[in-house]
Amino acid sequence: MSDAERTMQLKSYVTGEWHAGTGDGELLRDATTGEVVATASSAGIDFGAVLAHARQVGGPTLRRLTFHERAAVLKALAKRLMERKEEFYTLSFATGATRADSWIDIEGGIGTLFAYASRGVRELPNGHVHIDGEPEALSKTGGFSGRHICVPREGAAVHINAFNFPVWGMLEKLAPTLLAGMPAVVKPATATAYLAELVFRRIVESGLLPEGAVQLVCGGVGDLFTHLGGQDVVSFTGSASTAAQLRVHPTVIGNAVRFISETDSINSCILGGDAAPGTPEFDTFIREVAREMTAKAGQKCTAIRKALVPAAQLEPAVAALRAALAKVIVGDPRREEVRMGPLAGLAQRREVLARIAELRREADLVTEAATEIVGADRERGAFVAPTLLVARRAEGAQRLHSIEAFGPVCTLLPYGTNADAIALANRGEGSLVSSVFTADQALARELALGLAPWHGRLLFVDRDCARESTGHGSPLPGLIHGGPGRAGGSEEMGGLRGVMHYLQRSALQGSPSTLAAITGRWQRGAREITGAVHPFRRTLPELEIGETLHSAEREVTLADIERFAALSGDTFYAHVDEAAAKRNPLFGGRVAHGYFLISAAAGLFVDPPYGPVLANYGLERLRFAKPVRPGDRIKVRLTCKAKSLRVDKGYGEVVWDTEITNQDGEIVASYDVLTMVSAEPVEGR
Ligand code: NAP
């Protein structure tokens, strides 16, 4: 089918086929010209079959892949989409987005895939079980233990997305879902579904994902909710009213379906009392408010809706913002000089204008309507001018704290004390983000503690970070995106935190050996495997979890300590000054350097000749438990704790659980040694 035909009628991708909805479908229009871009209808889809396909076809195939294999798929997919980005940019103009707006949506979304791909490799094992936390000791002798594991849920992840970021909104949910090993059913918001459908089409065409891993529904979700079960997850982004309706769906409640929601929020920014006009913080504040109002025409869930300024700075802030907004060129986003396009559609414009009218009952208008709409018709396109309001008397205001005009709209509010600023920001009853512009770090701390309970993210901008700041409105893959209360009460992204929604945590109890066998990770108390071959002579596939070396013993002498002090330059009194060391209440005399012990331990456990161990790339969890004095004798236990072969590489990581004990069998130091080990025999290479 040609592209021209495709844009006429969007198709859903369900149960392995492209499905054209029956009936006429909803008309989707270009936000600037009003011309029909596409029609969408999901009529005729069997939603029970869609969920069954995800659970029975997509899920099992995805779960057979390891976390690293799934991460590799995400990376390949990100590369493929990046190669096709220009066609996404071209179609994105129809949503009203300028090229700069589309960058956030398109490359921000693809960047999120890349970010999850690399986190998956770095932070998850090349296996099927993610271990959460450390072993829990459950008995006196250590013979009975507990451990938490996380495995992919066996249901389907239903993603319901908002219209404002059709690409990012889809990819930021798909990345953690697929990495976790769950299949997804994506339902883009209908208004901009044509862009989501194009990107999705390229995903399917790439052939990188197994069948059933992703499905797409263009149009409504019909009776899908009635088919949800206890292994499914719903991840919703949109308005609080839709979220409120869906989270109390009888099937969601009855089957305890995991429900995540990101909803509207009244975000704020605060100009610190120190940030008077002329300071870099004041200038950055003005730039950021203007940018947040106009980027994506203010249709960002994170956009600043309330700008709080010290009462003394209200008029300078009004003047500076008026001047900044006067420079914004509004019009057809295809035109290079245009800085702000229309809203996504006329329905959104009607909604935003109604909300502005309500806000104006508590605030005055500062900016005038844009005098010119460049290259487009003011009425046919969904244009709304940047609208700055000021509430000179903020006490008693209600609407400013509860009404979100999802467009280029922001209200300036004066505050008195720092406590007033916190109270005004928190009256949003739970927000995605607040940002503070101050060079006063004591103030930053006071505001952080007051704002954090009500906000999912806090940004502090001063002159030192202003240039590199990612900005108020940008959710980042490594940081949580979400917020309490009105913002939906959930978190997305935040690195692995976002993956956890799609995994089921289960507490295991048993003997350390059984738990090690289940998790693929050795733990103290589990069986050790000792053999004639030094573990450093074994390739990664040959090494077994639990393979252990018990070293010979070595006496630590005063000469060792002095030589190490001279060699390293570490002449701390506890090692070199007997009189001073005696006064130390913890040591009562000279002790060996901890770093000497680690070095001496390496001398005890390494196998020197060329072999499969390629590198030691670090230590983790190092603790010095007891002092070692001259005359003490130490020895080492080194156990293969975990191993992870890198996908498509001839080597992988091996973690060695290491304990140094003294002549009385007491642990003096414990740590993990991290090595790279070859997967191939290395002799003769
Ligand atoms: P909406 O009406 O709630 O729609 C959001 C999504 O829900 C759309 O995909 C919509 O599909 C779907 N939907 C609506 N009714 C449904 C139902 N009964 N069953 C299943 N799905 C249903 O929100 P919107 O007005 O389009 O989006 C703008 C809002 O989203 C703003 O308030 C904004 O703050 C919020 N938002 C929040 C975030 C965040 O991360 N917190 C991000 C972006 C946007 P249709 O399009 O087919 O109706």
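Predicted model only: the values in this text are computed from it and were never measured. (Residues numbered from 1 in each chain as written. Predicted model: local features only at pLDDT ≥ 70, side-chain atom pairs only at ≥ 80, totals over all residues. Heavy atoms only, no water.)

(A) How the structure looks around the sheet that holds strand β20 (residues 455-461). Read across the sheet, seven strands follow the order β15-β17-β18-β13-β12-β19-β20 without closing on themselves; strand pairing throughout is mixed. The open sheet terminates on both sides in strands that have one partner only, identified here as β15 (364-365) and β20. The pairing of strand β13 (residues 304-310) with strand β18 (residues 409-415) spans five bridges and is parallel. Along β18, the bridge assignment pairs Ala307 with Leu412. Running at roughly 160 degrees to β13, helix α10 (residues 280-294) makes contact with β12 (267-271), β13, β17 (387-390), β18, β19 (431-437) and β20 of the sheet. (Pairing = 2+ DSSP bridges. Helix = DSSP H or I, 4+ residues; strand = E, 2+ residues; numbered from the N terminus. Contact = heavy atoms within 4.5 Å. Axes fitted to C-alpha atoms, helices over the stretch in contact; angles between N-to-C directions.)

(B) Examining the domain arrangement of the chain more closely. Domain annotation of the chain identifies domain 1 (3-223), domain 2 (267-467) and domain 3 (528-678). Relative to domain 3, the C-alpha centre of domain 1 lies at a distance of 46 Å. Across the boundary between the two partners, domain 1 contributes six residues, which contact four residues of domain 3. Both sides of the domain 1 and domain 3 interface together cover about 380 Å² of buried area, and 48% of this is carbon and sulfur. For the domain 1 face of the interface with domain 3, the top three residues by lost area are His68, Asn126 and Glu134, together amounting to 74%. A salt bridge links Glu134 to Arg621; the shortest N-O distance between them is 2.9 Å. In this assembly, domain 1 and domain 3 are joined by three residue pairs in polar contact (both at pLDDT 80 or more). A per-element tally of the side of domain 1 that touches domain 3 places helix α3 (residues 67-83) first, with three residues. Split by residue class, the side of domain 1 that touches domain 3 holds two nonpolar, two polar and two charged. (Domains from an automatic or database assignment. Buried area = accessible area lost by both parts, 1.4 Å probe. Salt bridge = Lys/Arg side-chain N within 4 Å of Asp/Glu carboxyl O. Polar contact = N/O pair within 3.5 Å; in protein donor to acceptor, adjacent residues only side chain to side chain. Nonpolar A, V, L, I, M, F, W, Y, C, P; charged D, E, K, R; others polar.)

(C) Structural context of the confidence of the model for the chain. The predicted model of the chain has a mean per-residue pLDDT of 95, with 98% of residues at 70 or higher. The low-confidence segment residues 1-6, where pLDDT is below 50, has eight contacts with residues more than four positions distant or belonging to other chains. (pLDDT = per-residue confidence, 0-100.)

(D) Summary view of the packing of α3 against helix α6 (residues 168-180). Contact pair α3 / α6: the axes reach a minimum separation of 8 Å and the direction vectors enclose 150 degrees. Comparing the axis directions of α3 and α6 gives the class roughly antiparallel. The segment α3 lies against α6, with Phe67, Arg70, Ala71, Leu74 and Leu81 engaging Leu171, Ala175, Leu178, Leu179 and Ala180. In the contact of α3 with α6, the residues fall into nine nonpolar, no polar and one charged. (Parallel < 35°, antiparallel > 145°, perpendicular 65-115°, else oblique.)

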